[in-house]
Amino acid sequence: MEDQKVIVDKLSSKSKDARRKASNGIFHGLVILFSLITITPIILIILNLVEKGYRQINLHFFTQIAPDSWDAMQAISQGKLIPGGILNGITGTFMMVGMASIIAIPLGIMIGIFLYENGNKRYANFIRDITDILQGAPSIVLGLIAYLWVVKYITHGFSALAGAVSLAIMMLPLIIRPTEETFKMIPNTIKEAGVALGVPYHKIILKVMMPTGLSGLMTGILLALSRVIGETAPLMLTALGSQYVSFDITKPASAIPLLIWNFYNDPNLVNLIWSSSLSLVAMVLALNLISKRIASKRK
Amino acid sequence: MVNPVTEIKKPVLRIQNLHVSYDKNDKGKYAVANVSADIKKDQITAIMGPSGCGKSSLLRALNRMHELYPNIVTQGKIFLNDVDISKLSNIELRRKIGMVFQSPNPFPSMSIYENVVAGYKLNGIKQKKNQRDEIVEKSLKDVALWNEVKDALHKRGNFLSGGQQQRLCIARALAFQPDVILLDEPTSALDPVATSKIEDLLIKLKKNYSIVLVTHNMAQAARISDYSMFMYLGELVEYGKTKDMFTNPSDKRTEEYLMGKFG
Ligand SMILES: Nc1ncnc2c1ncn2[C@@H]1O[C@H](COP(=O)(O)OP(=O)(O)OP(=O)(O)O)[C@@H](O)[C@H]1O
Ligand SMILES: [Mg+2]
């Protein structure tokens with residue numbers, strides 16, 4: 001009797017094992033399938049860009065300004081590489097994204113902290129709603145707003161400053177929400193530990209909470225950067241584009257995505273879109289990977 | 001036989017008619033109701049009572065922690081060595097009254113060393129490096145953590161065990177050389193070995209510090225405290241020598257609590 005029961009138990013546990021194995025198999029299959037579906041477009045995009053763009057990528061591509069159409073035509077007719085590069089785009093992008101960061105990062109963090117401090121008060125919810133609307137607003141509309149505010153009234157013409165303001169407006173909500181979420185995740189007892197040591201509240205925020213949530217803040221900032229670095233539409237209405245390297249924030253400036261658009265519209269330069277896009281994608285990818293690394297280090 | 005030395009010492013804290021309410025609109029509902037007591041110097045005073053009876057609320061009134069939350073109202077007076085604590089600045093008060101929390105809460109962004117001297121650093125109190133080194137070494141030795149971490153002082157403390165982290169938090173409170181240390185169930189998140197280490201530590205510390213300890217654990221109160229308070233529904237029901245209270249409680253509710261009838 002005893003022995004029989006043991007055998008029955010063993011049998012039933014065997015069939016359970018088999019069923020578990022089968023469902024595990026299906027699950028693994030699905031995981032692989034879904035991973036393939038999501039990764040294929042990315043791989044294809046990168047392969048395409050590399051295949052079509054790698055020939056143009058050399059030192060000149062990063063140290064020289066965009067060629068004019070005539071030079072490009074001549075080079076093409078002689079079977080040479082298109083001369084020049086995207087230096088004016090690179091400097092313009094760095095200048096405008098940099099200025100946008102100077103505006104949006106401190107402001108976004110301050111508003112995020114304000115929302116955290118004021119939790120569920122009515123006006124905090126109002127600001128949260130506005131932030132969500134801002135995040136959902138089409139970027140070209142934000143460009144229009146920067147045009148109205150800055151191009152018309154401040155710089156009286158297309159300018160890098162206007163471009164930076166449009167990018168800053170885009171970055172704001174992307175920094176505000178992660179800041180609030182990061183602060184909310186920090187246990188209250190960490191804050192109370194500071195209070196119990198007699199530390200003034202603003203110093204607790206600056207010297208305890210901010211360093212504790214640093215990786216969360218960094219993740220938000222890097223994702224915001226990677227989001228705006230490829231923006232084209234708002235810059236068309238604000239920075240316009242420029243053929244030269246210029247660091248005057250009251251003058252028009254170029255940007256990598258603006259160059260891509262220019263190249264696309266010029267039959268002699270159209271071949272440059274691949275190498276330019278490849279550079280842009282590489283920058284966005286790098287920012288994303290860094291922010292993922294930082295995020296995964298958080299416990 | 002009472003020890004004459006402890007009897008003539010002045011109380012370190014005097015609590016007079018203390019009320020704490022979590023709802024400033026409903027002043028009739030008190031988490032701590034009209035508590036008056038003198039806390040003896042260089043002794044361990046345990047606060048016991050069932051969950052929700054107001055132990056933490058009482059403890060947190062002693063270093064004005066409640067001020068962090070605008071909804072909380074405290075009334076009554078508390079004197080620290082004859083000085084009304086409401087007259088002290090935050091930093092003056094909290095240098096004299098340190099606090100240790102239920103779950104260990106070292107600052108995650110700081111090294112072990114920085115954690116110990118966090119009170120000085122965050123308040124911008126300037127010190128020479130060797131002064132700081134001394135404070136770190138002494139505080140960590142006081143909590144019996146020095147030998148375990150002396151080679152990792154500049155690493156973050158997240159590799160420490162829960163008990164070690166809690167001892168680090170005690171060291172952080174000791175670094176200010178306070179008069180009083182408040183502890184709110186400091187061992188409830190720890191295993192028995194880590195708990196007994198902290199209990200030994202508290203017994204050693206009472207030579208130089210007055211200790212107020214909230215505990216759920218009657219055996220712990222019996223093991224290490226000199227005086228005990230029993231609270232019930234916000235009231236201080238009974239307060240006296242721990243030995244007397246455990247052998248001969250004077251209030252029926254204390255007796256029932258000690259016999260495990262509730263809580
Ligand atoms: N933040 C708060 N807001 C509102 N009421 C609170 C708050 N904290 C505590 N209370 C109430 O105050 C009373 C006393 O709570 P307190 O935390 O002081 O009890 P306790 O004795 O420490 O309990 P425990 O043993 O569970 O820690 C309880 O009735 C509780 O519900
Ligand atoms: Mg409590």
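Residues numbered from 1 in each chain as written. Chains lettered and ligands numbered in written order. Predicted model: local features only at pLDDT ≥ 70, side-chain atom pairs only at ≥ 80, totals over all residues. Heavy atoms only, no water.

## What to know about the overall build of chain A
- Counting its secondary structure elements, chain A contains 13 helices and zero strands.
- Seen in sequence order, chain A has helices and strands lined up from the N terminus as α-α-α-α-α-α-α-α-α-α-α-α-α.
- Taking 2.2 N^0.38 as the reference for a compact globule, 299 residues should give roughly 19 Å; the C-alpha atoms of chain A span a radius of gyration of 26 Å, well beyond that estimate.
- Overall size of chain A, expressed as C-alpha extent along the three principal axes, is 95 × 60 × 30 Å.
- A total of 299 residues make up chain A; the buried ones form 41% of that total.
- Taking the contacts inside chain A whose residues are at least 6 apart along the sequence as the reference set, 75% of them involve residues at least 24 apart.
- Accessible area of chain A: about 16,800 Å², with a carbon and sulfur share of 69%.
- Computed over 26 positive and 16 negative side-chain charges, the separation of the two mean positions in chain A equals 5 Å. (Helix = DSSP H or I, 4+ residues; strand = E, 2+ residues; numbered from the N terminus. Rg over C-alpha atoms; globule rule 2.2 N^0.38 Å. Buried < 20%, exposed > 50% of the residue type's maximum accessible area, 1.4 Å probe, protein only. Contact = heavy atoms within 4.5 Å. Areas by Shrake-Rupley, 256 points an atom, 1.4 Å probe, with all protein chains shown as cover. Lys, Arg positive; Asp, Glu negative; His and termini not counted. Charge placed at Lys NZ, Arg CZ, Asp CG, Glu CD.)

## Regarding the environment of Q75 of chain B
- Among the secondary structure elements, Q75 of chain B is positioned in strand β4 (residues 73-80).
- Residue contacts for Q75 of chain B: discarding those within four places in its chain leaves N17, L18, H19 and Y30 of chain B.

## Looking at the environment of H154 of chain B
All names here are of chain B.
- Within the secondary structure layout, H154 lies in the loop between α7 (146-149) and α8 (162-174).
- For the pair H154 and S111, spaced 43 residues apart in sequence, the C-alpha to C-alpha distance is 5.1 Å.
- Ignoring sequence-local partners within four residues, the contact set of H154 consists of S111 and Y113.

## Details of the site of ligand 1
Residues and elements named next belong to chain B.
- Around ligand 1 lies a shell formed by Y22, A31, P50, S51, G52, C53, G54, K55, S56, S57, E185 and H216.
- Between an oxygen atom of ligand 1 and a side-chain N or O atom of K55, the distance comes to 2.7 Å.
- About the coverage of ligand 1: the protein hides 55% of its 630 Å² of free accessible area. (Near = heavy atom within 4 Å. Polar contact = N/O pair within 3.5 Å; in protein donor to acceptor, adjacent residues only side chain to side chain.)

## Section: the confidence of the model for chain B
- Looking at chain B as a whole, the pLDDT averages 93, with 96% of positions reaching at least 70.
- Two summary scores accompany this predicted model of the complex, namely pTM at 0.86 and ipTM at 0.92. (pLDDT = per-residue confidence, 0-100.)

## Quick notes on the interface of chain B and chain A
- In this assembly, 25 residues from chain B lie in contact with 19 residues from chain A.
- With both chains or domains summed, chain B and chain A bury close to 1,800 Å², and 65% of this area falls on carbon and sulfur atoms.
- When residues of chain B are sorted by the area they lose upon contact with chain A, L68, F107 and L122 of chain B head the list and together hold 29% of the total.
- On the surface where chain B and chain A come into contact, there are one salt bridge.
- A salt bridge links E192 of chain A to R60 of chain B; the nearest nitrogen and oxygen atoms lie 2.6 Å apart.
- Between the two partners, chain B and chain A, sit six residue pairs in polar contact (both at pLDDT 80 or more). (Buried area = accessible area lost by both parts, 1.4 Å probe. Salt bridge = Lys/Arg side-chain N within 4 Å of Asp/Glu carboxyl O.)

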